[in-house]
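Here is what each chain is made of, one letter per residue.
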Amino acid sequence: MATEDTADPEYPLEALASLPSFFHPAASPSGDRVAYYDDVTGRNELYVLDVETGKKRQISDGEVPRDAKWRFRWDATDERVYFHRDDAGDEQHDIHALGLEGDHEVVVEPEGQAYISEPSPDGRYLLYASDERDQLNCYRYDTETGGVERLTEYDEPVWGARYSPDGDRIAYDANETDDLDNRDVYVADADGSNPRRLEVGATGTEAGPADWHPDGDRLLLFDNSEDKPRAGVYDLASDTVEWLGDGDHVEVPLVFTPDGDVVVIRKRRCAAVPVVYGLECEPSRDSAGRTGNEVIDKAGDGRELELPEGVAEIPQSRSEAFLADGRMLLSQSTPSERSRLLAYDLATDEYDVLLDAEYGEIDPDAFVDAEYVTYESTDGTEIGGLLWDARDRPSADSEATDQPGLVKVHGGPHFQSAKRFDEYAQFFVSRGYSVFAPNYRGSTGRGRKFKFAIRGDWGGMEAEDIAEGGRWLMGREWIDEDRVAVFGGSYGGYSTYRQLTKYPGLWATGMAWVGMTDLLALYENSMPHYRTMLEQQLGNPSDAEVAEFYRERSPITHVDEMADPILITHGVNDPRCPIEQARRFRDALEDRGWAEGEEFRYEELGEEGHGSTDTEQKIRAYRIMAAYLDERL
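Residues numbered from 1 in each chain as written. Predicted model: local features only at pLDDT ≥ 70, side-chain atom pairs only at ≥ 80, totals over all residues. Heavy atoms only, no water.

(A) Fine view of the overall build of the protein. For the protein, the count of helices and strands is 11 helices and 36 strands. Scaling as 2.2 N^0.38, a compact globule of 633 residues should have a C-alpha radius of gyration of about 26 Å, and the protein matches this with 24 Å. Across its three principal directions, the C-alpha atoms of the protein cover 65 × 60 × 55 Å. Per-residue burial for the protein yields a buried fraction of 61% across its 633 residues. Long-range contacts, defined as pairs at least 24 residues apart, comprise 57% of the intrachain contacts of the protein with a sequence gap of at least 6. Element-wise, carbon and sulfur atoms account for 41% of the exposed surface of the protein, whose accessible area totals about 24,200 Å². Separation of charge centres in the protein, based on 65 positive and 133 negative side chains, amounts to 2 Å. (Helix = DSSP H or I, 4+ residues; strand = E, 2+ residues; numbered from the N terminus. Rg over C-alpha atoms; globule rule 2.2 N^0.38 Å. Buried < 20%, exposed > 50% of the residue type's maximum accessible area, 1.4 Å probe, protein only. Contact = heavy atoms within 4.5 Å. Areas by Shrake-Rupley, 256 points an atom, 1.4 Å probe, with all protein chains shown as cover. Lys, Arg positive; Asp, Glu negative; His and termini not counted. Charge placed at Lys NZ, Arg CZ, Asp CG, Glu CD.)

Dropping the structure here:
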């Protein structure tokens, strides 16, 4: 079987997969250094950049995980970082610490998962979330005694715990209602006592903390009770809220600046734009004298930062987002430009590049930009998405009318295909495939109603959105409608299975990566907070009608209806979508008489979990997909 296809790509797959990337840049507490993950050696390692000199130093030597998915956090001492460590990608995280001179320490080894929240301002405690006693709750580790204390005891998952500037309080989001869609904001003493639910949002909507004001008297939070998520500044003394923006866009709050202004990310047409709001105005009142939760205060229109349209990412902690000189750390990429790390001066709108994009021997002009397009789904709902037109690549024939295509389905499902650099899209485009990434109902970026439209309907109308997106791509004059495939990972993998079982004959083939096939088995084998997520999305299968719905929307139930071939790829250590999900589907295909290597192809990726940033694994995955598509299309 071929290891490289024949579409005259602009670069070898190994060249793209080997391009080094940086992850999770974070300023040190002193603000003179930036730590980040980087895979320049082929393996993920921790590095520290001296901002003044520009010198970079590798700190780790195999101690940090191979997969850079999970963030690390600086310790308040400025001399070490806390990081997640798991076993071969299984996400059963322990928490370790690594000093800048390479000294390594195991900090917490819970039974189950641990997620780092943040250290206390004085450095004595480390906040983290863990499911070691069934449900995900908040804990703190005492660096002086080595003891661990549970701070919250909720029946539903607790997320987003953050210390106040003086370390005397914590803020987090939790749910004490019967509505699993509900999230509320709580403020408690540092030991978890005296929790107080803030008066924001409505039951069945989502709210959560983002950052504490530098003075500790206000809390930056988000709320989607008005449909589109918005940012608000909650005054803890008066229980009033100053809402920011005009409500026309989804806006996700990130941090207060050192001066007390607010930085949010505005979502617009698949782009993520940083916006700064000044807080010099007081909360407005209406004619009846009401204030806070009932009144939206624009606080000005906000100021968009002067950057190319794409996706900007900012560390979600004030201490890690700003350098000693007040400049803000900001990662920026576009569909055709790889990520750069910038030091942005909010006063002058000028920036310096701290880490430039790496292209190796690849000509940056070989990468193709993405166009935002819309189409109507079967019920008339407008769906947006991104199109990478393979005719735009340097070696392409712009007049070609018989090119293959690929519909790339994002995971989540509450996620969004955005105007960032997408290695997979560029990989397929360079090999002659036009790529379309639809943001089906359930995607983020459009508001709560659109996001919640998938609840109780997995594999239903959002599958229609994806199928109609495929038909839209097949209808382009340069696309060969008989050579269009569907591909996705995680929920996108589930969607790929669902497309091939629900719409036999629509697709030339599909490629399902770490996807779900049997929803009942997934529920039974999931961790507590993942079971909560499934109940939130589909209901509790202890009810017979709900269990039947789980079965009906499981691709494995309809495996006999498949007519088109499939590539199945899965990591053996995946805790979210266990390998049994792929093995069950493989066995079902064989039971119906399909032969591996003919009607379907099956690949297990050893020592990999729910995806990977490891270079060797990326190269292997690219090779598998390139060979398969070359053979099928």
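Picking up after the structure, the text goes on.
(B) Here's a closer look at the sheet that holds strand β11 (residues 137-142). Strand order in this open sheet of 4 strands is β9-β10-β11-β12, and the pairing throughout is antiparallel. Only two strands of the sheet have a single neighbouring strand rather than two, namely β9 (114-119) and β12 (148-150). The mean angle between the axes of side-by-side strands here comes to 30°, regardless of whether they run parallel or antiparallel. Relative to β11, strand β10 (residues 125-130) is paired through 6 bridges, and the arrangement is antiparallel. By the bridge assignment, Leu 127 is partnered in β11 with Arg 140. (Pairing = 2+ DSSP bridges. Axes fitted to C-alpha atoms, helices over the stretch in contact; angles between N-to-C directions.)

(C) Summary view of helix α9 (residues 544-552). Among the residues of α9, those classed as buried are Val 546, Ala 547 and Tyr 550. Relative to the axis of α9, the buried residues are bounded by an arc of 100° and lie together on one face. Turned more than 90 degrees from where α9 packs its buried face, Ala 544 and Glu 545 sit exposed. Contacts from the buried residues of α9 go to α7 (519-524) and α8 (528-538). Two or three places before Glu 545, at the start of α9, stands the capping residue Asp 543, its side-chain oxygen 2.9 Å from that residue's backbone nitrogen. (Arc of directions from axis to C-beta. Polar contact = N/O pair within 3.5 Å; in protein donor to acceptor, adjacent residues only side chain to side chain.)

(D) Quick peek at empty space enclosed by the protein. For the coordinates displayed, the defined rule picks out 3 cavities of 30 Å³ or more. Reported here for the largest cavity is a volume of approximately 70 Å³. Looking at the largest cavity, the residues that line it are Tyr 424, Phe 487, Met 511, Ala 512, Trp 513, Leu 567, Thr 569, Ala 621 and Met 625. Sort the elements by how many residues they give to the lining of the largest cavity and strand β34 (residues 509-513) lands first, with 3 residues. Counted by class, the lining of the largest cavity contains 8 nonpolar, 1 polar and no charged residues. (1 Å grid on protein atoms, 1.4 Å probe; cavity = no way out; pocket = protein on both sides within 12 Å on 5 of 7 lines; lining within 4 Å. Points joined across faces, edges and corners; volume = space filled by probe spheres on them. Nonpolar A, V, L, I, M, F, W, Y, C, P; charged D, E, K, R; others polar.)

(E) Broad picture of the nonpolar core. Formed by 53 residues in total, the largest nonpolar core has its most connected members in Trp 458, Ile 566 and Leu 589. Per-element tally for this core: the top contributor is helix α5 (residues 461-474), with 6 residues. Not counting the four nearest positions on each side in its chain, Trp 458 is found in contact with Pro 413, Tyr 491, Tyr 494, Met 516, Leu 519, Met 533, Leu 534, Gln 537, Leu 538, Phe 549 and Arg 553. The next biggest cluster of nonpolar side chains, apart from the first, holds 42 residues, and it includes Leu 13, Val 368, Val 435 and Met 511. (Core = buried A, V, L, I, M, F, W, Y, C linked by side-chain atoms within 4.5 Å.)

(F) Here's a closer look at a negative patch on the surface. Together, Glu 337, Asp 369, Glu 371 and Asp 392 make up a negatively charged patch on the protein surface. Relative to the assigned elements, Glu 337 resides in strand β27 (residues 337-345). Accessibility expressed as a relative area gives 41% for Glu 337, which makes it partly exposed. (Patch = residues over 30% accessible without salt bridge, like charges linked within 9 Å, V, L, I, M, F, W, Y side chains within 5 Å. Salt bridge = Lys/Arg side-chain N within 4 Å of Asp/Glu carboxyl O.)

(G) Representation of the side chain of Asn 137. You can see Asn 137 is positioned in strand β11. At a separation of 3.4 Å, a polar atom in the side chain of Asn 137 contacts the main-chain amide nitrogen of Glu 153. In contact with Asn 137, not counting residues within four places along its chain, are Tyr 128, Ala 129, Ser 130, Arg 150, Thr 152, Glu 153, Tyr 154 and Val 158.

Purely spatial values, then, with no claim about function.
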